[in-house]
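Notes for the structure review
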There are 2 protein chains.
Amino acid sequence: MAGKKWVYLFNEIKQAETYVGNDWDKVRGLLGGKGANLAEMVRIGLPVPPGFIVTTEACNAYQVENKFPEGQWDQMLEALKATEKESGKKFGSVENPLLVSCRSGAKFSMPGMMDTVLNIGLNDETAKGMVKLTSNERFVYDSYRRLIQMFGSVVLGISDEAYEEPLDELKKAKGAKVDTDLTADDLKTLVETFKAITKKEIGFDFPQEPLEQLKLATEAVFKSWNGKRAIDYRRATNIPDDLGTAVCIVTMVFGNMGNDSGTGVAFTRNPSTGERVMFGDYLLNAQGEDVVAGIRNTEKIETLGRDLPEANKQFLEIVKKLELHYKDLQDVEFTIERGRLWMLQCRNGKRTAAAAIKVAVDMVEEKLITKEEAVGRVSPADVDTLLHPQFTLDSKPAAKKEGRFFTTGVNASPGAAVGQVYFDADLTEKMAKEQKQDTIMVRPFTKPDDVHGMLASKGILTSEGGAASHAAVVARQFGVPCVVAAANLVIDLDKRKMTVNDIVVNEGDWISLDGTTGEVYVGKLGLTDPKIEEQKDLLTILTWADEISATEGIRQAPKGWPTRGLQVWANADYPKDAQRARSYGAVGIGLCRTEHMFFEPTRLPIVQRMILAKSDDVQKAALDQLLPYQRADFDGLFTAMDGYPVIIRLIDPPLHEFMPDEEKLLEEVITMRVKGETKGLAEKESLLEAIRGLHESNPMMGLRGVRLSVEMPLIVEMQVRAIFEAAADCTLRGVHAKPEVMIPLTGHVNELKWIQPRLERIAKAVMDEKKVQFPYKFGTMIEIPRAAVTAAEIAGVAEFFSFGTNDLTQMTFGYSRDDAERNFLVKYVEEGILPKNPFQTLDQEGVGKLMKMAVDDGRSQRVDLEVGICGEHGGDPASIEFCHRVGNNYVSCSPFRVPVARLAAAQAAIKNRK
Amino acid sequence: MAGKKWVYLFNEIKQAETYVGNDWDKVRGLLGGKGANLAEMVRIGLPVPPGFIVTTEACNAYQVENKFPEGQWDQMLEALKATEKESGKKFGSVENPLLVSCRSGAKFSMPGMMDTVLNIGLNDETAKGMVKLTSNERFVYDSYRRLIQMFGSVVLGISDEAYEEPLDELKKAKGAKVDTDLTADDLKTLVETFKAITKKEIGFDFPQEPLEQLKLATEAVFKSWNGKRAIDYRRATNIPDDLGTAVCIVTMVFGNMGNDSGTGVAFTRNPSTGERVMFGDYLLNAQGEDVVAGIRNTEKIETLGRDLPEANKQFLEIVKKLELHYKDLQDVEFTIERGRLWMLQCRNGKRTAAAAIKVAVDMVEEKLITKEEAVGRVSPADVDTLLHPQFTLDSKPAAKKEGRFFTTGVNASPGAAVGQVYFDADLTEKMAKEQKQDTIMVRPFTKPDDVHGMLASKGILTSEGGAASHAAVVARQFGVPCVVAAANLVIDLDKRKMTVNDIVVNEGDWISLDGTTGEVYVGKLGLTDPKIEEQKDLLTILTWADEISATEGIRQAPKGWPTRGLQVWANADYPKDAQRARSYGAVGIGLCRTEHMFFEPTRLPIVQRMILAKSDDVQKAALDQLLPYQRADFDGLFTAMDGYPVIIRLIDPPLHEFMPDEEKLLEEVITMRVKGETKGLAEKESLLEAIRGLHESNPMMGLRGVRLSVEMPLIVEMQVRAIFEAAADCTLRGVHAKPEVMIPLTGHVNELKWIQPRLERIAKAVMDEKKVQFPYKFGTMIEIPRAAVTAAEIAGVAEFFSFGTNDLTQMTFGYSRDDAERNFLVKYVEEGILPKNPFQTLDQEGVGKLMKMAVDDGRSQRVDLEVGICGEHGGDPASIEFCHRVGNNYVSCSPFRVPVARLAAAQAAIKNRK
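Residues numbered from 1 in each chain as written. Chains lettered and ligands numbered in written order. Predicted model: local features only at pLDDT ≥ 70, side-chain atom pairs only at ≥ 80, totals over all residues. Heavy atoms only, no water.

Brief notes about the side chain of B:Gln345
Residue and element names in this part refer to chain B. Heads up, the rule is: Runs of E in the DSSP output that reach at least two residues are strands. Runs of H or I that reach at least four are helices, and both are numbered from the N terminus. Burial classes: relative accessible area under 20% of the type maximum marks a residue as buried, over 50% as exposed, and values in between as partly exposed (1.4 Å probe, protein chains only). Residues adjacent in sequence count toward polar contacts only when both atoms are side-chain atoms; beyond that, a polar contact is any pair of N or O atoms within 3.5 Å, and within protein one must be able to donate a hydrogen and the other to accept it. Residue contacts are counted whenever heavy atoms from the two residues lie within 4.5 Å of one another.
In this fold, Gln 345 is placed in strand S12 (residues 340-348). Relative accessible area serves as the criterion here: at 9%, Gln 345 is assigned to the buried category. A polar side-chain atom of Gln 345 sits 3.1 Å from a polar atom in the side chain of Lys 34. In this view, Gln 345 contacts Lys 34, Leu 38, Met 41, Asp 331, Val 332 and Glu 333; residues no more than four positions away in its chain are not counted.

Re the pattern of salt bridges
For the record, the criterion: Each salt bridge in this description consists of a side-chain nitrogen of Lys or Arg and a carboxyl oxygen of Asp or Glu lying within 4 Å of one another.
The full count for this structure, using the stated rule, is 110 salt bridges over all chains. A salt bridge links A:Lys849 to B:Asp857, with the nearest nitrogen and oxygen atoms 3.6 Å apart. Taken as a pair, A:Lys849 in helix H34 (residues 847-861) and B:Asp857 in helix H34 (residues 847-861) lie in two separate chains rather than in one. The residue B:Arg496 makes a salt bridge to B:Glu507 at a minimum N-O spacing of 2.8 Å. Taken together, the positions of B:Arg496 in the loop between strand S20 (490-492) and strand S21 (497-500) and B:Glu507 in the loop between strand S22 (503-506) and strand S23 (510-514) put the pair 11 residues apart, joining distant regions of the chain. B:Arg496 sits in the partly exposed class, given a relative accessible area of 26%. The class for B:Glu507 is partly exposed, based on a relative accessible area of 22%.

Describing the sheet that holds strand S1 (residues 7-9) of chain A
Residues and elements named next belong to chain A. So the rule is basically this: A strand pair is defined by DSSP finding two or more bridges across the two strands. Here an angle of 0 to 180 degrees is reported between the N-to-C directions of two axes, which are lines fitted to C-alpha atoms, with helices fitted over the stretch in contact.
What the five strands build is an open sheet, ordered S1-S2-S7-S5-S6; its pairing is antiparallel. At either end of the open sheet lies a strand with only one pairing partner, and these are S1 and strand S6 (116-120). The mean inter-strand angle of the sheet, taken between neighbouring strand axes irrespective of direction, is 20°. With three bridges joining them, strand S5 (residues 100-106) and S6 adopt antiparallel strand pairing. When the bridges of S6 are listed, Val 100 appears paired with Ile 120. Sitting on the sheet, helix H2 (residues 24-43) touches S1, strand S2 (51-54), S5 and strand S7 (245-251), and the angle it makes with S5 is about 125°.

Examining helix H1 (residues 13-20) of chain A
Residue and element names in this part refer to chain A. Note the threshold: To be clear, the arc concerns the directions from the helix axis to the C-beta atoms.
Of the positions making up H1, those classed as buried are Ile 13, Ala 16 and Glu 17. What you see down the axis of H1 is that its buried residues fit within an arc of 100°, all on one side. Turned more than 90 degrees from where H1 packs its buried face, Lys 14 and Thr 18 sit exposed. Looking at the buried side of H1, the elements it contacts are S1 and H2. Just downstream of H1 lies Gly 21, where phi reads positive at about 100°.

Structural notes on the sheet that holds S20(B)
Whether parallel or antiparallel, the strands of a sheet pair through hydrogen bonds between backbone atoms. Residues and elements named next belong to chain B. What the three strands build is an open sheet, ordered S20-S21-S22; its pairing is antiparallel. In the strand order of this sheet, the two ends are held by S20 and S22, each with one partner. When the angles between neighbouring strand axes are averaged without regard to direction, this sheet yields 20°.

A few points about the nonpolar core
Stated precisely, the cut-off is as follows: Take the buried Ala, Val, Leu, Ile, Met, Phe, Trp, Tyr and Cys residues and link them wherever side-chain atoms come within 4.5 Å; each set so joined is a nonpolar core.
Membership of the largest hydrophobic core comes to 301 residues, with the highest contact counts inside it found for A:Phe634, A:Phe638, B:Phe634 and B:Phe638. Contact partners of B:Phe638, with chain neighbours within four places excluded, come to B:Val646, B:Ile648, B:Ile723, B:Ala726, B:Ala727, B:Cys730, B:Val735, B:Ala737 and B:Pro739.

Observations regarding the pairing of strand S31 (residues 800-803) of chain B
Residues and elements named next belong to chain B. Burial along S31 is two-sided: Phe 800 and Ser 802 facing one way and Phe 801 and Phe 803 facing the other are all buried. Note that strand S30 (residues 777-782) and S31 share three bridges and pair parallel. The partner of Ile 782 across the bridge, within S31, is Phe 803.

Considerations on the relation of the copies chain A and chain B
Operational definition: Only residues with pLDDT of at least 70 in both copies contribute their C-alpha atoms to the least-squares superposition of the copies.
Once chain A has been moved 0.1 Å along the axis and rotated by 180°, it coincides with chain B to within an RMSD of 0.2 Å. Those values place the two copies in the arrangement expected of a two-fold rotation axis. Taking C-alpha positions as the reference, the residue of chain A nearest the rotation axis is A:Asn698, at 2.1 Å. A shared interface surface links the copies, since 100% of the contact residues of chain A are contact residues in chain B too.

So, the interface of chain A and chain B
As a reminder, the rule being used: Buried area is calculated as the accessible area (1.4 Å probe) missing from two parts once they are joined, with the contributions of both summed.
Of the residues lining the interface, 59 residues belong to chain A; the matching set on chain B comes to 59 residues. Both sides together, the interface formed by chain A and chain B hides about 5,100 Å², and carbon and sulfur atoms give 56% of it. The tally of links between chain A and chain B comes to six salt bridges. A:Arg692 is the partner of B:Glu663 in a salt bridge, and the nearest nitrogen-oxygen pair spans 2.2 Å. Between chain A and chain B we count 26 residue pairs in polar contact (both at pLDDT 80 or more) in total.

Points about the packing of helix H23 (residues 604-612) of chain B against helix H24 (residues 616-640) of chain B
The geometry of a pair of packed helices is captured by two quantities: the angle between their axes and the separation between those axes. Residues and elements named next belong to chain B. Quick reminder of the rule: Throughout this description, any angle smaller than 35 degrees is read as roughly parallel, any larger than 145 degrees as roughly antiparallel, any in the 65 to 115 degree range as roughly perpendicular, and the remainder as oblique. Should the near helix be turned counterclockwise from the far one by less than a right angle, the crossing is left-handed, whereas a clockwise turn marks it as right-handed. In the scheme used here, Gly and all other residues not listed as nonpolar or charged are polar, with Ala, Val, Leu, Ile, Met, Phe, Trp, Tyr, Cys and Pro taken as nonpolar and Asp, Glu, Lys and Arg as charged.
Packing of H23 against H24 brings their axes to within 8 Å, and their N-to-C directions diverge by 150°. Of the possible angle classes, the one that applies to H23 and H24 is roughly antiparallel. Crossing angle aside, the handedness with which H23 passes H24 is left-handed. Of the residues in H24, those touching H23 at Ile 606, Val 607, Arg 609 and Met 610 are Gln 619, Ala 622, Leu 623, Gln 625, Leu 626 and Tyr 629. The residue makeup of the contact of H23 with H24, split by class, is seven nonpolar, two polar and one charged.

Re unusual backbone geometry
Residues and elements named next belong to chain B. Positive phi, normally seen in glycine, also occurs at Asn 66, with a value near 65°. By secondary structure assignment, the location of Asn 66 is in the loop between helix H3 (56-65) and helix H4 (72-87). Positioned with a positive phi, Lys 367 is a non-glycine residue whose angle comes to about 60°. Overall, Lys 367 belongs to the exposed group, its relative accessible area being 74%.

Spelled out as structure tokens, the structure:
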């Protein structure tokens with residue numbers, strides 16, 4: 001490694017490009033975001049204080065060897081000389097001392113996670129020199145005491161309190177309210193006190209030698225990369241551990257050198273709204289911290305021209321140049337030292353979702369960027385945010401101030417909700433429907449028979465579960481904001497209340513819940529409820545996205561399809577979901593779960609009768625009753641999706657899910673027995689017996705899906721009849737119905753060979769009866785690993801594949817979704833055993849490998865096999881990109897995710913073009 | 001298909017070979033077993049009555065078209081002419097009538113499953129001609145009435161009873177005890193009666209036209225291929241449905257033409273013992289049925305020379321020629337018609353397991369066959385049979401006669417057992433240990449905490465479960481005969497009895513159970529208990545098998561291994577199992593399930609304390625108590641396997657398996673609550689709460705295996721310490737311990753990266769403490785589909801793979817072993833959706849594809865990766881062959897299956913040589 005270049009001057013960005021290639025991403029990777037941008041500003045001729053960057057590679061080498069790699073320090077010394085030369089100052093000189101800051105700067109911003117030391121180079125001697133130069137003793141000693149304090153805590157590991165305490169005492173003694181009330185002498189005393197504290201804490205003196213200060217500070221920044229805080233942050237934000245941080249050594253400039261000096265921060269456009277108006281603040285005769293700390297009232301950036309017209313003119317030119325150069329909204333920091341403007345930082349500005357979209361659309365109109373770049377600029381999360389109710393900007397800080405923060409949990413389904421709390425589904429529904437209340441259903445966890453309550457809720461809160469628990473999945477499906485696994489939440493169903501620590505919320509009380517962040521507040525927070533049709537910029541972006549998707553990707557397409565383009569479909573069980581999906585841009589239904597129709601209170605007793613039937617006749621009679629319900633549902637779906645395909649999945653779940661809870665019934669029976677109550681006991685016992693007969697040790701791998709159809713073909717025969725009767729009726733009245741019948745849980749081609757001909761016979765019979773023809777398909781879910789492995793054989797029978805990635809993930813990992821998140825998945829992700837929760841983001845190496853195999857093998861058998869995905873992952877951008885890469889024809893997701901998926905599909909197409 | 005040859009004369013075997021190739025298997029496929037052997041006998045010059053064969057292809061064509069394929073009938077007429085010419089008789093002639101039989105003959109023998117019609121060609125006129133020729137009116141009319149009866153039932157579908165009734169009446173009227181008491185006139189009358197019955201039943205006359213008889217009889221044989229009986233038989237014996245049956249048309253010859261005539265059956269060697277002595281019976285002046293029917297006492301074949309010296313001499317020559325030709329024990333049928341010997345059938349003779357092995361070994365010594373052929377001749381099932389106790393040959397028929405047959409179930413673990421019935425594990429163990437009784441444990445199903453009772457049993461019987469249920473798996477593991485899912489068995493645990501229909505068996509009563517066949521009898525049946533060391537021929541075969549295995553197969557081998565040869569290892573949890581395994585020829589332990597050691601009554605309370613521990617200290621204390629137990633177990637294993645590798649799997653099952661039954665506890669708690677009993681309630685409630693905390697919706701996919709180790713590393717740290725302390729102790733006293741630590745349920749390489757270094761650190765620490773070195777490995781089960789899919793990554797960490805095909809099958813199919821067999825697997829196999837139960841025979845297309853992928857990918861990363869299988873399939877011959885093909889280094893199975901596996905490994909090597 002000797003001979004390697006570890007250090008780059010700000011004017012050496014070309015050398016960096018020579019080393020890593022002419023790729024901004026790689027340059028940022030080497031120099032860090034902050035360093036790369038400083039160097040880039042130097043390249044385009046902007047005034048940046050002289051300095052240099054120690055690379056991320058040096059940081060990584062340091063982590064291995066626990067010392068600077070060979071050559072680094074020498075190169076730093078050399079760079080320091082160049083910096084001295086350029087600044088005309090000298091590091092350690094008393095006459096004209098150079099002071100520098102030592103700042104961390106990783107590839108991706110990790111605000112506040114790593115350390116910074118300012119004013120390096122100050123010591124007892126140079127301080128005196130600085131006083132001469134600036135004639136501002138107060139400023140110099142304030143800077144000096146800050147150096148000692150920062151150095152002590154960052155480099156030497158001394159607690160901040162050790163310094164804060166004497167500072168507070170001094171202020172008290174002097175009657176000073178704020179730091180600035182202290183005089184130069186006070187601060188001089190404080191410097192001595194701080195030096196003494198430092199010596200006391202670590203046993204040696206605060207290093208007076210500037211080079212030693214620099215060396216130790218650099219090392220401290222390196223170390224902070226692997227501090228707990230930084231690691232936790234990276235875990236949470238999916239930043240890889242092996243990037244390392246760069247260190248920027250920058251000549252200190254001072255905005256507090258008088259009224260010809262100042263400092264400020266600005267965005268080139270409004271980061272909240274996206275409006276094309278510069279947005280920022282400055283202070284004359286002040287340091288950067290002062291702007292942020294809010295000690296003095298800042299000035300709006302618009303008035304800078306009044307105070308410092310020359311500098312302002314230069315600043316406006318620079319800002320314009322930066323936007324033209326970066327072609328994006330910039331966030332800049334600047335300091336004016338005695339009239340001279342210095343740029344201290346620039347970066348792409350963080351912005352709200354609304355601003356992101358507006359800026360992207362505006363910049364296309366301004367011809368700064370292409371439509372494609374605009375689509376690439378907007379993040380899927382932005383789109384998601386814009387489509388869910390949100391709390392008003394000021395509501396949360398206000399509530400926190402009032403002590404109304406309640407708890408935080410897993411952000412399971414985005415959006416904000418305000419409502420009255422109810423602790424069971426029936427009551428929730430009742431209060432919502434009869435009392436027209438806004439309700440929030442709170443449960444330890446939810447089950448399929450809670451769905452009516454969930455649908456009636458503005459929001460859902462559970463104390464158990466995880467991001468893929470029933471509550472979370474259903475909530476996302478229906479776009480209901482949801483927080484699960486809320487920390488410390490204790491629900492007392494008997495006393496109808498819930499508590500977190502000392503805060504009690506009773507049934508009927510109001511709470512506010514943010515499914516985007518996982519926060520829960522007591523009482524009502526202000527809400528805004530955006531509508532897609534009102535969001536012109538969003539619609540523009542999505543239209544561009546669709547144009548891009550339609551020209552890219554997809555190796556093979558079914559007959560009658562556009563030959564290119566990953567389509568976005570939606571999962572919808574009810575006509576109203578399908579309508580919403582269509583209004584959000586879905587061009588097909590990828591999954592209609594027919595059994596959800598079975599759970600409706602009017603139908604459930606019929607379903608139970610059907611299940612418990614001891615003879616075919618009784619069962620048939622129950623099925624005959626269900627048929628009109630299903631037919632009506634399907635009719636509504638086809639009508640809503642007129643002209644688009646609708647995939648209907650035949651009954652899937654194990655039958656016990658339709659039955660009353662076994663344990664509860666057992667408790668009732670035992671209680672009756674012990675009490676000697678006989679009335680109704682026999683019935684309960686026989687029901688219990690029947691439910692026990694349905695009991696399975698591992699229902700997820702049990703009698704469900706096509707297995708159930710083989711065991712009890714009458715149910716699916718009824719369903720297919722309902723589907724085709726509905727499609728026929730639609731066709732006859734001019735609606736273009738395109739039913740696709742999906743057989744779930746296939747593991748062996750013979751299952752399809754057994755059931756599919758039986759069902760196709762019914763399909764044909766109905767069409768004959770009704771004397772009508774329409775296009776239809778029969779296909780299967782691919783959700784059992786064996787199905788993926790034997791896809792070639794299965795494609796010999798199935799006309800389409802739909803990846804059920806929820807189950808496929810379960811089986812491929814051997815994780816039970818119902819248990820894993822609660823039991824070990826959290827720890828697995830925390831410990832880095834799994835990079836992400838595979839139920840949220842598709843596991844490309846494992847599950848994805850099976851999917852790729854299935855697509856390739858399936859198409860080898862049937863060239864125009866229609867392939868899609870209908871699992872939870874269908875709405876996840878990374879998973880959508882994977883689907884694009886392996887050649888899916890569509891992704892199907894919850895209606896609320898359709899706009900997100902449209903954007904993600906376009907981004908996938910762009911990313912994988914080359 | 002016109003122009004195709006559908007019919008072959010017996011002397012046209014060369015033409016058949018020209019068509020299908022010179023491959024006996026294919027010739028049999030075309031001509032059927034019976035036809036091919038008749039033709040082959042003609043080719044080697046043996047006397048066979050003239051005739052011809054209608055091919056299986058004609059049968060298959062018939063199944064499609066529902067009529068003879070074009071050309072078949074014309075070819076049959078031509079062949080009939082050739083037959084007439086050769087026999088010098090004429091079909092339908094009154095003067096010298098040719099009579100023929102029409103017999104089914106499929107590729108594989110399906111005894112009694114398909115139809116035969118004899119004496120075709122007889123009618124009112126030819127009967128008269130026959131009387132003239134034979135001067136035996138009684139014989140002719142008996143033949144004629146048999147033809148009408150057979151034709152009526154087989155061809156015309158008239159019930160047998162329709163004919164039997166008048167026959168019985170006639171016998172009663174004539175005072176005849178048996179058929180042969182009837183006179184010629186009686187039989188003449190009977191012919192008329194039978195003709196009248198036939199007409200009455202079907203509305204037309206029995207066809208007098210011989211050609212019509214022949215045509216209809218041939219068609220009837222074709223039809224019988226798809227009769228329910230035949231289909232059921234094929235299902236049960238795994239004969240494919242598309243083979244079809246051939247039809248043999250053979251000139252009738254008669255052994256009842258006087259005392260120079262006779263008929264007999266013979267085996268060229270004793271089929272019971274394998275001794276090299278001809279074994280058979282004959283009767284003079286008799287027909288084939290008479291020999292079988294046992295109406296007259298048959299003569300031993302040895303005395304044939306006394307009665308018919310010329311024919312006997314010819315017969316002895318023929319038999320010798322046949323054995324030399326076929327090089328196997330032959331089963332022949334012959335008839336002597338007026339001094340002339342005719343061979344009617346020859347085939348490889350069915351034999352007992354003992355005979356199969358003796359014949360194979362003898363024939364090598366006789367230089368008839370090679371060692372390899374001998375190994376190929378013995379079936380794995382033969383070996384299995386010889387190693388389990390068996391009922392004496394006469395005991396079952398005797399018991400059946402006495403009405404002591406009880407029930408039949410799934411033959412879950414082979415061998416015979418006689419014992420007294422007990423209905424729970426504790427009592428079973430107690431009676432076995434304290435009372436020294438032979439016990440049979442009977443339960444609805446078994447669970448891990450029943451294992452002590454199962455181990456103490458001679459046999460196990462359950463009313464529920466399937467071939468892969470807990471009872472079945474454990475029983476096979478320990479070689480305990482076991483019948484599960486016994487039909488109609490009702491167990492009343494309260495009244496301590498079980499019933500099948502009216503038969504009651506009380507606790508303590510004796511029953512006899514045959515795990516090889518699934519039969520259960522009341523009372524004691526006679527037993528033999530074979531020992532491997534006494535079975536010289538078996539040992540000879542196995543030695544040859546090992547020689548063959550050691551020279552074939554295996555592409556890559558771990559360091560220090562023989563470079564070729566699939567090895568046989570055993571699964572053993574206890575030292576005594578390991579000793580048995582070694583005595584049976586195992587050269588390694590492929591799976592020691594450490595948790596079985598936890599279930600022992602003395603240890604279980606400690607285990608429960610460990611699980612419920614609320615602090616690390618409490619848990620550590622419990623683990624410290626367990627360590628010496630485990631160390632002692634491992635010491636015993638290493639000692640037993642001195643010099644051979646021992647793979648020890650770390651704790652695998654979910655913790656709730658170690659806890660008391662949740663439902664039972666719930667009942668107790670509710671009862672106490674309702675009754676207001678408070679004493680001990682709180683403890684029970686808290687235990688219930690703890691067990692509920694361990695509850696999982698799908699425990700099979702839950703917190704177990706390596707997931708548990710990540711969650712609670714202390715347990716496996718204790719286990720690894722115990723393993724290495726034991727290995728160190730062994731090494732120090734001169735035993736060569738070769739421990740291999742196996743991590744279960746790995747799905748992601750990061751799980752290994754997390755746990756393995758922690759464990760290796762302990763291993764090294766122990767070796768340092770004990771100052772000793774020995775070889776060891778760390779590796780993993782491959783039992784999660786994702787592990788197979790990402791095997792390359794996993795092999796970067798794991799030093800060996802062991803396929804846990806039970807779990808891999810579960811996850812790949814998405815079948816819960818605990819439920820599937822009960823719920824749908826039986827129907828799946830019945831309906832042909834699955835060819836076999838994938839828990840018994842490896843699913844090569846699905847699970848096998850993942851295994852092959854894992855072996856290839858794993859070895860691509862680690863060339864000398866040790867690969868084996870330790871699932872149930874390790875003892876299944878078809879699965880063993882698959883393991884050979886994909887390049888496993890060993891298979892590991894239950895100790896009792898080791899000899900079977902040794903044979904199967906050799907057979908796999910032979911079969912896959914080319």
